[in-house]
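Breakdown of the fold
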Amino acid sequence: MTTMTSLSPRALAAPESGIVEVVNYARGRDGLIPLWVGEGDLPTPDFISRAAADALVAGQTFYTWQRGIPPLREALVRYYQRRFQKTLAPENFYVTGSGMQAIKLAIEAIAAPGDEMVLLTPAWPNFAAAAELSGVRPVSVPLRFENGKWQLDLDRLEAAIGEKTRALFINTPSNPTGWTASPDDLRAILALARRHGVWIIADEIYALYYYLGGRAPSYFDIMEADDCILFVNSFSKNWAMTGWRVGWIVAPPAMGQVLENLIQYSTSGVAQFMQRGAVAALDEGDGFVDDNVIKARRNRDLLCDTLIATNRVETLKPDGALYAFLKIDGVTNARQAALDIVDKTGVGLAPGTAFGEGGSLFMRACFLRDPAQIAEAADRLRTYILDR
């Protein structure tokens, strides 16, 4: 027996991130414009950091509520009242150590090893990997790509639901495609879930990054109280808190003890001083979020207009999220193209091969950055595309 052969098969099977591979290849290069990961270039706003720092100095460093401190759960109630016009109770909320942990715990709460989870692809690779690490088989259902737009194939989605299916994982607005479910799409998916007796895990992390006005359509707009839906979310994108690793789950109160137990046996809760920062984000951060959405929309237009004008990029402007998912003429190996683009342009993109079925011919660019950087990146990419 060797060290490696004695490890768990699930651990050994965990895939290397195709995004991180490109990041590690190019990290630290002079003049690099990094559009590869899903975050903006602004640090966490001072009013959030100050609230956390004050709590830390005040000694809020002890074990705390597994489900989240009451002030944070109450702030989440207010957030959903303002942004989603939905009245919830503190008992609906469970604070997690990141949106990633929220996804992992949601899967573990409703699926057992050997079960299946259906997800729409191209998709952030962590969705499928989280399922596999829990012994749950991810079943991919590719979105249709037609005339530069992504669309749901409802028949294909229903055909993927089998006896072992426990959940449909629905990320809208989507990372990486920007596909955003319409109210009719959501109703159709919910009808499928009801008919087949399966859960929906709804990842609405980009709900506020919606470029057709207001926020994106949500299951909160159409669901009934007894629908089996778990919502997973994070403070990362809206409030520039990617490094904080604080997220939440919205769930039926009846699941409270189950979710508390899962939190207890994974992280035993999120640091109280970090939760104080999260309270400030929710209660004081609407202006910051709204400004970021305006910046993202302008950058989306700047980047996409420049590249689409080459007549060698098929993708149209996304309706939501933070990404342009680019189909560039002549790219047949996105991984190699990402490395080549770094070498020749100094722009870091994420290869579509990292996002599963349907993504292999695409490149993802995150446009939530300084507009001057986006303009420079667009110009470099335009030159690269035209010179191919």
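Think of each chain on its own: its residues are numbered from 1, step by step along the sequence as written. Residues qualify for local features only when their pLDDT is at least 70, as the model is predicted, and side-chain atom pairs are given and counted only at 80 or more; totals for whole chains, interfaces and linings, by contrast, use all residues. Computation of side-chain values covers all heavy atoms of the structure but excludes hydrogens and water.

The protein has the name Aminotransferase in an unreviewed UniProt entry, where Sinorhizobium americanum is given as its organism. UniProt positions are given in the numbering used here, feature names are shortened, and annotations may be inferred rather than shown by experiment. Word for word, the UniProt comment on the protein under Sequence similarities (unreviewed entry) is "Belongs to the class-I pyridoxal-phosphate-dependent aminotransferase family."

So, on to helix α6 (residues 125-133). Each α-helix turn comprises 3.6 residues. Residues three or four places apart therefore point the same way. Among all positions of α6, only F127, A129, A130 and A131 are buried. Here the buried face of α6 lies against α5 (99-110), β3 (116-121), β7 (165-171) and β8 (199-203). Going along the chain from the N terminus, every DSSP run of H or I of four or more residues is numbered as a helix, and every run of E of two or more is numbered as a strand. G135 lies just past α6 and shows a positive phi near 80°. The classification of residues rests on relative accessible area computed with a 1.4 Å probe and restricted to protein chains. Under 20% of the type maximum is buried, over 50% is exposed, and intermediate values are partly exposed. Any two residues whose heavy atoms approach within 4.5 Å at even a single point are treated as in contact.

To pair, rings of Phe, Tyr and Trp, with the six-membered ring standing in for Trp, must have centres within 6.5 Å; the planes then decide the type, stacked if under 30 degrees apart, edge-to-face if over 60, and tilted in the middle. In total, this model carries 22 aromatic pairs according to the counting rule given. Both rings, one in Y79 and one in W239, keep their centres 5.7 Å apart while their planes meet at 65°; by these two values the pair is edge-to-face. You can see Y79 sitting in helix α4 (residues 70-84) and its partner W239 sitting in the loop between β9 (229-234) and β10 (247-250), a full 160 residues away along the chain. Of the two residues, Y79 and W239, neither departs from the other in class, the shared state being buried. Ring centres 5.7 Å apart and planes at 70° place the aromatic pair F84 and F220 in the edge-to-face group. Separated by 136 residues along the polypeptide, F84 in helix α4 and F220 in the loop between β8 and β9 bring together distant segments of the chain.

Our focus in this paragraph is the pattern of salt bridges. A side chain with one charge can pair with a side chain of the opposite charge if their charged atoms come near. Note on definitions: salt bridges are taken to be side-chain nitrogens of Lys or Arg within 4 Å of carboxyl oxygens of Asp or Glu. Evaluated as defined, the whole model comprises 25 salt bridges. A salt bridge links K295 to D41; the nearest nitrogen and oxygen atoms lie 3.7 Å apart. A residue pair is termed long-range when its members are at least 10 positions apart, and K295 in helix α11 (residues 286-308) and D41 in the loop between β1 (33-34) and α3 (46-57) qualify at 254 residues. Since its relative accessible area comes to 17%, K295 is described here as buried. Owing to a relative accessible area of 29%, D41 belongs among the partly exposed residues under this scheme. Measuring nitrogen to oxygen at the nearest pair gives 2.1 Å for the salt bridge that ties D46 to R50.

So, about the environment of G135. The topology assignment puts G135 in the loop between α6 and β4 (137-142). Along the sequence, G135 and V331 sit 196 residues apart, while their C-alpha atoms lie 34 Å from each other. When neighbours within four sequence positions are excluded, G135 is seen to be in contact with R10, A112, P113, G114 and D115.

What follows is about helix α8 (residues 183-196). The length a helix should cover is 1.5 Å for every residue beyond the first. With 14 residues, α8 ought to run about 20 Å at 1.5 Å a step, and its terminal C-alpha atoms sit 20 Å apart, in line with that. If you check which residues of α8 are buried, you get L186, I189, L190, L192 and A193. One face of α8 carries all of its buried residues, which in axial projection span an arc of 155°. More than 90 degrees from the buried face of α8, the exposed residues found are D184 and R195. Structurally, α8 contributes buried residues whose contacts are with α7 (154-159), β7, β8 and β9. Within two residues after α8, G197 carries a phi angle of roughly 65°, on the positive side. Note that the arc is computed from the directions linking the helix axis to the C-beta atoms.

Method remark: on a 1 Å grid restricted to protein atoms, a set of points is classed as a cavity if a 1.4 Å probe fits but cannot get out and as a pocket if it is open with protein on both sides within 12 Å along at least five of seven lines; lining residues have an atom within 4 Å of a point. Grid points are joined across faces, edges and corners, and a volume is the space filled by probe spheres set on the points. As enumerated under the stated definition, the model contains one cavity of 30 Å³ or more in all. Of the voids in this model, the largest cavity is the one considered here, and its volume is about 70 Å³. Around the largest cavity sit L119, L120, P122, A123, F127, L143, F169, I170, N171, S174, N175 and W179, which together line it. Among the elements of the structure, β3 and β7 are those that each provide at least two residues to the lining of the largest cavity. The element that contributes the greatest number of residues to the lining of the largest cavity is β7, accounting for three residues. Put simply, Ala, Val, Leu, Ile, Met, Phe, Trp, Tyr, Cys and Pro go in the nonpolar bin, Asp, Glu, Lys and Arg in the charged bin, and everything else, Gly too, in the polar bin. Split into classes, the residues belonging to the lining of the largest cavity amount to nine nonpolar, three polar and no charged.

Just so you know, the domain bounds were taken from an automatic or database domain assignment. Each domain of the protein was delimited in the assignment, giving domain 1 (3-44 + 286-387) and domain 2 (46-285). Listed as interface residues are 40 residues of domain 1 and, on the opposing side, 46 residues of domain 2. Across the interface of domain 1 and domain 2, roughly 3500 Å² is buried in total on both sides, 57% from carbon and sulfur atoms. Buried area: the accessible surface (1.4 Å probe) lost by two parts on joining, summed over both. Per-residue buried area on domain 1 facing domain 2 is highest for T44, D286 and D319; these three make up 21% of the total on that side.

Quick look at the pairing of β8 now. For β8, the buried fraction is high: five of the five residues fall into the buried class. The side-chain alternation of β8 yields two buried faces, one formed by W199, I201 and D203 and the other by I200 and A202. Pairing between strands is defined by DSSP: at least two bridges between the two strands are required. Inspection of the sheet shows β7 paired to β8 by five bridges, in the parallel sense. Paired with I170 across the strands is A202, a residue of β8. Assignment of crossover handedness uses the view with strands pointing away from the viewer, where a clockwise path from the first strand over the helix to the second indicates a right-handed crossover. Crossover β7 to β8 through α8 is right-handed. In this structure, β8 lies alongside β9, joined through four bridges in parallel fashion. Note on β9: the bridge partner recorded for D203 is V232.

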